[in-house]
2 protein chains.
Amino acid sequence: MPQLGLLHRRAWAVLVAQLLRPPCEVRLGAVRSHSQQVAEVLTSQLKPQLERSNCIIKTPKGTRDLSPHDMVVREKILDRIVSCFKRHGAKMLDTPAFELKGMLTEKYGEDSKLIFDLKDQGGELLSLRYDLTVPFARYLAMNKVKKMKCYHVGKVWRRESPSIAQGRYREFCQCDFDIAGQYDPMIPDAECLKIICEIISELQLGDFLIKVNDRQILDGMLAICGVPESKFRTICSSVDKLDKISWKDVRYEMVAEKGLAPEVADRIGDYAQCHGGLSLVEQMCQDPRLSQSKQALKGLEDLKLLFKYLTLLGIAEKISFDLSLARGLDYYTGVIYEAVLLQTPSEEELLNVGSVAAGGRYDGLVGLFGHMVPCVGLSIGVDRIFAMVEQKMKTFGERMRTTETQVFVATPQKNFLHERLKLIAELWDAGIKAELLYKNNPKLLTQLHYCENMMIPLVVIIGEQELKKGVIKLRSVVSRKEVDIKRENLVAEIQKRLSES
Amino acid sequence: MPQLGLLHRRAWAVLVAQLLRPPCEVRLGAVRSHSQQVAEVLTSQLKPQLERSNCIIKTPKGTRDLSPHDMVVREKILDRIVSCFKRHGAKMLDTPAFELKGMLTEKYGEDSKLIFDLKDQGGELLSLRYDLTVPFARYLAMNKVKKMKCYHVGKVWRRESPSIAQGRYREFCQCDFDIAGQYDPMIPDAECLKIICEIISELQLGDFLIKVNDRQILDGMLAICGVPESKFRTICSSVDKLDKISWKDVRYEMVAEKGLAPEVADRIGDYAQCHGGLSLVEQMCQDPRLSQSKQALKGLEDLKLLFKYLTLLGIAEKISFDLSLARGLDYYTGVIYEAVLLQTPSEEELLNVGSVAAGGRYDGLVGLFGHMVPCVGLSIGVDRIFAMVEQKMKTFGERMRTTETQVFVATPQKNFLHERLKLIAELWDAGIKAELLYKNNPKLLTQLHYCENMMIPLVVIIGEQELKKGVIKLRSVVSRKEVDIKRENLVAEIQKRLSES
């Protein structure tokens, strides 16, 4: 199918290129009417053919463009997130979009099949990054970094089934914050949870809860339930699906697909239904079976200390110890967490975005690259948050500016392009955001309408009269009031008006 | 070779994973000494083995990480560029990192071989984007956009031979500004050149020149020199190399490799050596051979009008009409331009970055996607600019902050983590950028040294005494002056101090 599409594209491109080449003798006016002609031919005859041949102009499956409107919303969200990371003293880092394929193998468990590989065109075998954590770990190892608090914003790629409704794409943006280094226990972990709370609160996404668990508790729990150690990670993957599919389906996967004994699965089920606050942590310490696992006890002690710090940071009531939280990725070794929005039932119908932030401790990952540094971090799901905010904006019908233009340069007169160009250059050079219409003789009404449509606050108008008097007319688009300003005072007056508004 | 590396990696990963798994019975202290132990084993025995097996931890060929220091520099450059785009009323756009392979074919001429393809893992055939122009054109066609002024910042990928010294990478960042739509001639084109001038001036890159030519002049020139029309684009590619290789080598390529008659090549050579201002444009209009080409004349008339506008915008003296400028890409149809820095000979030895900005008119590209919109645009070579700025900073030995932390929370006392956590949460919640050390009992001197190293301006100190008196000690890191501030006034006092500095 793609092969066929390709051939068609090629024929199409050659055809259009031929149509586009103007004959050598055409002149300015004629060239334009020639392109008009080409456009008509394209529209009437070739387009249906194009559509028939399956050669649709689109973005790849699971990806999308972000329109100027989308970008304004997105930039506001990113800005809030990055401000929070900076508030916590993080440095900024960037890594390439692809890594040597070998860097990504053995890191993601069952999810590895979702990695996008690059074609072997000679040279190194490469894969698109699947998350920002493994590249960060590779960076630490490569540069022998022992301590670092940093953030990392970028696109990652996963060959998942896209679900636009849930904001799940094959290309999406992640915002990661990580603390690398050997420190006293649970202090960096507590800061990560504090950051998640700050970001979700500041983005005004409504009420939320952060589910917390610990891989040591999880492994201990699996062990005392009777899961063989070799199956820990794959059973973790199944348990992790509990927020998406029912216990019945998870149980079926564990028993029928992964060969677990039914009674073992049921024991897991009993634990996986438990969630609560510090009191549940204390209760589990007394649990006759779980307390037999020293590993689980170690995890529970860690969580106790974590809850103490979370109370001091004022966020303990946002945290829920949840034994069903497993996280899909292989590399976690300690505390894990996932923030979910608590939507009212009516909102839930609109949009079910799942978790909006997640993370955990991964003390072994950097070691896989030959350099031992314990780490803890978090990742914000910008695209899911974006989907929610977009939905809300649609509901409230908010109108947003997509440009920042402050001043429009207009004229009521014909043949005044020269004066407009001189004037706008002056404004640009003074750092003022300014636009004009790319026409020799635009109508004044067209120019003023443009300002209203684009929500540009000020218009400067230059005509024969103004030129003679050495003034410029300054007009407020909202109040429609106009005053004459001496040309030499114009920039200062505009700057004054802008600083007042 | 990569296959071998992969096997080694796999064995290595399994080995480390085994070493990392602590025995179930170890307790808190023991776990840590166990990882210490693992680290030692890794360092002493396994690392040399790792290096021998060619399994080097690195980024892919021609790519690099950007360290926090790099990112600070890069963000400042991007910020200037984007501010300029916004000053000219541009909206922001984003497109996916990869496109359907068919979207990129027949767009780049000889450069097409440099496109990175994705592996066929089932589904669509995909390629990484080679520039931001073709995705922009695809966006316009897909959304039937008729007018749009927008900018687009993102990474692009090319399988070129990397040259670190010249800032040439396989992954690099482009900042594009484009004006789409049918307008009166040369007005948007002039604005693009104005933007390039503003950006290079604001980045203080030293003196520069923008070479300008027109594809119509170029094609007319090739025609009257005797180049067959089928060879126009490939000969353009050769001419375009004149800034990198000598005329002799370009001539050899045209004659020996591309089959041009020697006298035809020499005729081209005569024109390609011409460069100058408006007077050269006027001179070429009178050129007995060139003036026979109506296409060339049309291009020369366009350039005359362009120079008129550039004079009004105050940038004509930065522009050089240069008949050797050809631009490698297929899709240009009118004015083309390229900005070069005019370095003194001593600087040139340090770093030869080539052009830092380039662009042109591409009236046919969107039409290849079945929607006819004329466009003109420009692209800023951020990575080349970055290489230059880095070089300068090294020369001047500038020191830069990589974090923005305003306040450090310290204690002279043991067992004061609780109070520090409560205090820092208060600061964070007030929007103040604050840090503390992740230690239960850090030494005061260590804490103060950290502030000096990280250039953090303020320290708040809490101890037994302060706690009793209900105050916090506020210390200026530079002056080392300390004052007691009432706890309830602390946030206000810090905000006052920060606004003053």
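Quick caveat: nothing in here was measured; it's all calculated off a predicted structure.

## Regarding the overall build of chain A
Summing up its helical and strand segments, chain A has 18 helices and 16 strands in all. Looking at chain A as a whole, 57% of its 501 residues are labelled buried. Looking at chain A alone, contacts between residues at least 24 apart form 69% of all its contacts between residues at least 6 apart. Of the accessible surface of chain A, which amounts to about 21100 Å², a share of 52% is contributed by carbon and sulfur atoms.

## Some thoughts on the sheet that holds strand E5 (residues 171-180) of chain B
Residue and element names in this part refer to chain B. The nine strands are arranged E1-E4-E5-E11-E10-E9-E6-E8-E7 in an open sheet whose pairing can be described as mixed. Looking along the sheet, the strands with just one partner apiece sit at the ends: strand E1 (91-93) and strand E7 (275-276). Sheet topology places E5 next to strand E11 (residues 375-381); seven bridges connect them, and they run antiparallel. Bridge pairing in E11 links Asp 176 to Ser 379. Relative to the sheet, helix H3 (residues 68-87) contacts strand E4 (148-157), E5 and E11, its axis offset from that of E5 by approximately 5°.

## Topic: the relation of the copies chain B and chain A
Note on the identical chains: chain B maps onto chain A by a rotation of 180° and an axial translation of 0.0 Å, with an RMSD of 0.0 Å. What the superposition gives is, in effect, a two-fold axis relating one chain to the other.

## Concerning the nonpolar core
Nonpolar side chains in soluble globular proteins tend to end up buried together. Of all hydrophobic cores here, the largest spans 296 residues; its most connected members are A:Phe85, A:Ile268, B:Phe85 and B:Ile268. Among all residues touching A:Ile268, those that are not within four sequence positions of it are A:Met221, A:Leu222, A:Cys225, A:Val227, A:Ile235, A:Val239, A:Trp247, A:Met254 and A:Leu260.

## Points about the interface of chain B and chain A
Interface size is often expressed as the accessible area that is lost when the parts come together. With 123 residues of chain B in contact, the opposing surface of chain A contributes 122 residues. Of the roughly 11400 Å² buried where chain B meets chain A, counting both sides, 64% is carbon and sulfur surface. Between chain B and chain A we count 14 salt bridges in total. The residue B:Arg138 makes a salt bridge to A:Asp65 at a minimum N-O spacing of 2.6 Å. Seen at the junction of chain B and chain A, the total is 40 residue pairs in polar contact (both at pLDDT 80 or more). If you tally residues by element for the side of chain B that touches chain A, the top one is helix H1 (residues 2-20) of chain B, at nine residues.

## A word on the sheet that holds strand E9 (residues 335-341) of chain A
Residue and element names in this part refer to chain A. Read across the open sheet, the nine strands follow the order E1-E4-E5-E11-E10-E9-E6-E8-E7; overall the sheet is mixed. Two strands close off the open sheet at either side, each with one partner strand: strand E1 (91-93) and strand E7 (275-276). Examined bridge by bridge, E1 and strand E4 (residues 148-157) share three bridges and lie parallel to one another. Bridged to Lys 91 within E4 is Cys 150. Across the sheet, helix H6 (residues 187-202) touches E4, strand E5 (171-180), strand E6 (208-214), E9, strand E10 (355-361) and strand E11 (375-381), and the angle it forms with E11 is around 15°.

## Quick word on the packing of H3(B) against helix H6 (residues 187-202) of chain B
All names here are of chain B. Where H3 contacts H6, the two axes come as close as 10 Å, and the packing angle between them is 145°. Both H3 and H6 take part in a crossing whose hand is right-handed. Side by side, H3 and H6 meet where Arg 80, Ile 81, Cys 84, Phe 85 and Arg 87 of the first sit next to Ile 195, Glu 198, Ile 199 and Glu 202 of the second. For the contact of H3 with H6, the residue count by class is five nonpolar, no polar and four charged.

## A short note on the pairing of strand E12 (residues 407-410) of chain A
Residues and elements named next belong to chain A. Alternating positions in E12 separate into two faces, Val 407 and Val 409 on one and Phe 408 and Ala 410 on the other, with burial throughout. In terms of strand pairing, E12 meets strand E13 (residues 434-435) through two bridges, oriented parallel. From the neighbouring strand, Phe 408 faces E13, where its bridge partner is Glu 435. Between E12 and its parallel partner E13, the chain crosses via helix H15 (residues 417-429), and the hand of that crossover is right-handed. The pairing of E12 with strand E14 (residues 458-461) spans four bridges and is classified as parallel. Opposite Val 407, over in E14, you have Leu 458 as the bridge partner.

## Quick word on the side chain of A:Asp240
Residue and element names in this part refer to chain A. Turning to its location among the elements, Asp 240 is positioned in helix H8 (residues 232-240). Lacking a salt bridge, the buried Asp 240 has Lys 244 as its closest oppositely charged neighbour, with an N-O distance of 5.1 Å. Once residues lying within four places of it in the same chain are set aside, the contact partners of Asp 240 are Ala 326, Arg 327, Gly 328 and Glu 338.

## Brief notes about the packing of helix H9 (residues 247-257) of chain A against helix H10 (residues 262-272) of chain A
Residues and elements named next belong to chain A. Where H9 meets H10, the closest approach of the two axes is 10 Å, and the angle between their N-to-C directions is 140°. Taken together, the axes of H9 and H10 are oblique relative to one another. For H9 against H10, the interelement crossing comes out right-handed. Where H9 abuts H10, its residues Trp 247, Arg 251, Met 254 and Val 255 lie against Pro 262, Ala 265, Asp 266, Ile 268 and Gly 269.

## Observations concerning unusual backbone geometry
Phi is positive for A:Glu106, which is not a glycine, with a value near 65°. The partly exposed category is assigned to A:Glu106, whose relative accessible area is 33%. Even without a glycine there, the phi angle at B:Asn415 is positive, about 55°. Tracing the chain through its elements places B:Asn415 in the loop between strand E12 (407-410) and helix H15 (417-429).

## Brief notes about the environment of A:Met221
Relative to the helices and strands, A:Met221 resides in helix H7 (residues 215-225). For the pair formed by A:Met221 and A:Leu290, sequence separation is 69 residues and the distance between their alpha carbons is 6.2 Å.

## A few points about the environment of B:Glu338
Residue and element names in this part refer to chain B. Inspection of the secondary structure assignment puts Glu 338 in strand E9 (residues 335-341). Judged by its relative accessible area of 5%, Glu 338 is buried. Residues Glu 338 and Gly 354, 16 residues apart in the sequence, show an inter-C-alpha distance of 9.6 Å. With residues up to four places along the chain from it excluded, the contact list for Glu 338 reads Leu 209, Ile 210, Lys 211, Asp 240, Asp 243, Leu 325, Arg 327, Ser 355, Ala 357 and Ala 358. At 2.9 Å, the side chain of Glu 338 forms a polar contact with the side chain of Arg 327.

## Here we look at the confidence of the model for chain A
Residues and elements named next belong to chain A. Per-residue pLDDT for chain A has a mean of 87; in total, 87% of the residues score no lower than 70. Across residues 1-54 the pLDDT falls below 50, and counting only partners more than four positions away or on other chains, this stretch makes 57 contacts in the model. Predicted complex metrics record ipTM = 0.86 and pTM = 0.87.

Cut-offs applied
- Residues numbered from 1 in each chain as written.
- Chains lettered and ligands numbered in written order.
- Predicted model: local features only at pLDDT ≥ 70, side-chain atom pairs only at ≥ 80, totals over all residues.
- Heavy atoms only, no water.
- Helix = DSSP H or I, 4+ residues; strand = E, 2+ residues; numbered from the N terminus.
- Buried < 20%, exposed > 50% of the residue type's maximum accessible area, 1.4 Å probe, protein only.
- Contact = heavy atoms within 4.5 Å.
- Areas by Shrake-Rupley, 256 points an atom, 1.4 Å probe, with all protein chains shown as cover.
- Pairing = 2+ DSSP bridges.
- Axes fitted to C-alpha atoms, helices over the stretch in contact; angles between N-to-C directions.
- Least-squares fit on C-alpha atoms with pLDDT ≥ 70 in both.
- Core = buried A, V, L, I, M, F, W, Y, C linked by side-chain atoms within 4.5 Å.
- Buried area = accessible area lost by both parts, 1.4 Å probe.
- Salt bridge = Lys/Arg side-chain N within 4 Å of Asp/Glu carboxyl O.
- Polar contact = N/O pair within 3.5 Å; in protein donor to acceptor, adjacent residues only side chain to side chain.
- Left-handed = near helix turned anticlockwise from the far one by under 90°.
- Nonpolar A, V, L, I, M, F, W, Y, C, P; charged D, E, K, R; others polar.
- Right-handed = clockwise from strand over helix to strand, strands pointing away.
- Lys, Arg positive; Asp, Glu negative; His and termini not counted.
- Parallel < 35°, antiparallel > 145°, perpendicular 65-115°, else oblique.
- pLDDT = per-residue confidence, 0-100.

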